[in-house]
Amino acid sequence: MNILNLIRWKNLLMIALMQYLLKYVLLLPFGIDITLNGFGFSLLMITTLCLAAAGYIINDIFDQETDLINKPNKVIVGKTVSEKTAYTLFIVFNVIGVLLGFYLSHLVGRSGFFALFVVISALLYIYASYLKQLILVGNIVISILVALSLIIVGLFELLPAVTPHNQETQLTFFKIIFDYAVFAFLLNVIRELIKDIQDIDGDHKAGMNTLPIAIGRNRAAKVTFAIAFIPLFLVIYYVATYMYKQIYVVVYFLIFVIAPLIYLIIKLYMAETKKDFAFLSKLTKAIMLFGMLSLVVYKFVLLD
């Protein structure tokens, strides 16, 4: 159980669910030309999860000092799992992820895609060891990687299957995946900033230079408050432009995405305590989940 907590098994399940929804709820029901069979897609999911797990592990290794202050009851590395074991697991997950990425890239006839897995692996290490200490840079990089976990499905499923006859359709569905990746990116940026505000004490003692440390907790909260309007306006625009004819789809977005985003914004403006920001971090993750679950409504939109 300690190792499962170390690799953030709940977050990994969420990544797996998002990728599953993209293939089996968005692409397959519409007869879209795809590249990977069930086995190949399973390997793509395992690859993504291995690299993500490696990222969580190396992050915990480098965060031992700050975690002892920010969340002493949740520290794993150095307590229930030795640092040596953690490093071994980090290497194992990375090797599996990169090797499977190499195999998949050749399987779909796009050997250049292999570089993507190498870059992801390297960025996760650089993020944990250096980038997360820089104002906004670490937040943006890790959020890009979250978005990539969605885009990678489009890259491996849609692009290799493009022909002159299906190019427009493939592009349409890739754009849908990209739009959801942008949503995930923005929500993760907000969540990362919230976590930085929540962890300001430990980060400051560790000599890090996050946004809350640079401009103060209150100002950082106001910046996060302002950024939260971006996904709200984008979702409203998306629903008003593409889904306004489908009342049940509109109701879903209003109840499970737009209303929670408005609530998040209000609570961000009022948040003061560490407990407040801990709640907002969980709320942001829930909004991201319900946003991804909205993929199930596309059969009402695209088959209209």
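Thresholds, definitions, all that
- Residues numbered from 1 in each chain as written.
- Predicted model: local features only at pLDDT ≥ 70, side-chain atom pairs only at ≥ 80, totals over all residues.
- Heavy atoms only, no water.
- 1 Å grid on protein atoms, 1.4 Å probe; cavity = no way out; pocket = protein on both sides within 12 Å on 5 of 7 lines; lining within 4 Å.
- Points joined across faces, edges and corners; volume = space filled by probe spheres on them.
- Nonpolar A, V, L, I, M, F, W, Y, C, P; charged D, E, K, R; others polar.
- Core = buried A, V, L, I, M, F, W, Y, C linked by side-chain atoms within 4.5 Å.
- Buried < 20%, exposed > 50% of the residue type's maximum accessible area, 1.4 Å probe, protein only.
- Helix = DSSP H or I, 4+ residues; strand = E, 2+ residues; numbered from the N terminus.
- Phe/Tyr/Trp six-rings, centres within 6.5 Å; stacked < 30°, edge-to-face > 60°.
- Lys NZ or Arg CZ within 6 Å of the ring centre and 35° of its normal.
- Axes fitted to C-alpha atoms, helices over the stretch in contact; angles between N-to-C directions.
- Parallel < 35°, antiparallel > 145°, perpendicular 65-115°, else oblique.
- Left-handed = near helix turned anticlockwise from the far one by under 90°.
- Contact = heavy atoms within 4.5 Å.
- Salt bridge = Lys/Arg side-chain N within 4 Å of Asp/Glu carboxyl O.
- Lys, Arg positive; Asp, Glu negative; His and termini not counted.

Draft legend 1. Quick peek at empty space enclosed by the protein. Taken as a whole and assessed by the stated rule, the structure comprises 1 cavity of 30 Å³ or more. Roughly 30 Å³ of internal volume is contained in the largest cavity. Lining the largest cavity are Asp60, Asp63, Gln64, Asp67, Val75, Ile76 and Val77. Classifying every residue of the lining of the largest cavity by side-chain character gives 3 nonpolar, 1 polar and 3 charged.

Draft legend 2. Examining the nonpolar core more closely. Ranked by internal contacts, the top residues of the largest apolar core, which has 100 residues, are Leu26, Ile57, Phe156, Phe253, Leu264 and Tyr298. It is helix 8 (residues 167-198) that provides the largest number of residues to this core, a total of 14 residues.

Draft legend 3. Region of interest: the environment of Ile197. Looking at where Ile197 falls in the secondary structure, it is placed in helix 8. Of the residues examined, Ile197 reaches a relative accessible area of 0% and is grouped as buried. Here the alpha-carbon distance between Ile197 and Ala220, two residues 23 residues apart in the chain, equals 7.2 Å.

Draft legend 4. Looking closely at the layout of surface pockets. Counted as a void, the second largest pocket has a volume near 290 Å³. Around the second largest pocket, the lining is made up of 16 residues, and of these Asp179, Phe183, Leu234, Val235 and Tyr238 lie nearest the centre. For the lining of the second largest pocket, the secondary-structure elements that each account for two or more residues are helix 8, helix 12 (229-242) and helix 13 (247-270). The residue makeup of the lining of the second largest pocket, split by class, is 12 nonpolar, 2 polar and 2 charged.

Draft legend 5. Structural detail: the packing of aromatic side chains. Counting across every chain of the model gives 16 aromatic pairs. An angle of 35 degrees between the planes, with centres 5.8 Å apart, marks the rings of Phe229 and Phe233 as tilted. Pair noted here: Phe229 and Phe233 are both in helix 12, with a separation of 4 residues, about one helical turn. An aromatic cluster of three or more residues is present, and its members are Phe225, Phe229, Phe233 and Tyr269. Above the face of the Tyr24 ring, Lys23 is positioned so that its terminal group lies 5.7 Å from the ring centre. Residue placement shows Lys222 over the ring face of Tyr269; its charged tip is 5.3 Å from the ring centre.

Draft legend 6. Just the packing of helix 8 against helix 11 (residues 217-227), in detail. Two elements in contact, helix 8 and helix 11, have axes separated by 10 Å at closest approach and are oriented at 165 degrees. It follows from the interaxial angle that helix 8 and helix 11 lie roughly antiparallel. Once helix 8 is placed against helix 11, the crossing between them reads as left-handed. Seen from helix 8, the contacting residues are Ile190, Leu193, Ile194 and Ile197; seen from helix 11, they are Arg217, Ala220, Ala221, Thr224 and Ile227.

Draft legend 7. Here's a closer look at the pattern of salt bridges. Enumeration over the complete set of coordinates arrives at 6 salt bridges. Of the charged contacts, one joins Lys132 and Asp63 as a salt bridge, the two residues approaching to 2.6 Å between their closest N and O atoms. With a gap of 69 residues between them, Lys132 in the loop between helix 6 (114-129) and helix 7 (137-157) and Asp63 in the loop between helix 3 (38-62) and helix 4 (64-70) connect regions that are remote in the sequence. In this structure, Lys132 and Asp63 share a single accessibility class: buried. Between Lys195 and Glu192 there is a salt bridge, with its nearest N and O atoms 3.4 Å apart. One end of the pair, Lys195, and the other, Glu192, are both in helix 8, 3 residues apart, so they sit about a helical turn from each other.

Draft legend 8. The side chain of Arg191, seen in detail. When you line up the elements, Arg191 lands in helix 8. No salt bridge is formed by the buried Arg191, whose closest oppositely charged neighbour, Glu192, lies at an N-O distance of 5.0 Å. Among all residues touching Arg191, those that are not within four sequence positions of it are Ser281, Thr284 and Lys285.

By themselves, these are just geometric observations and shouldn't be taken as functional.
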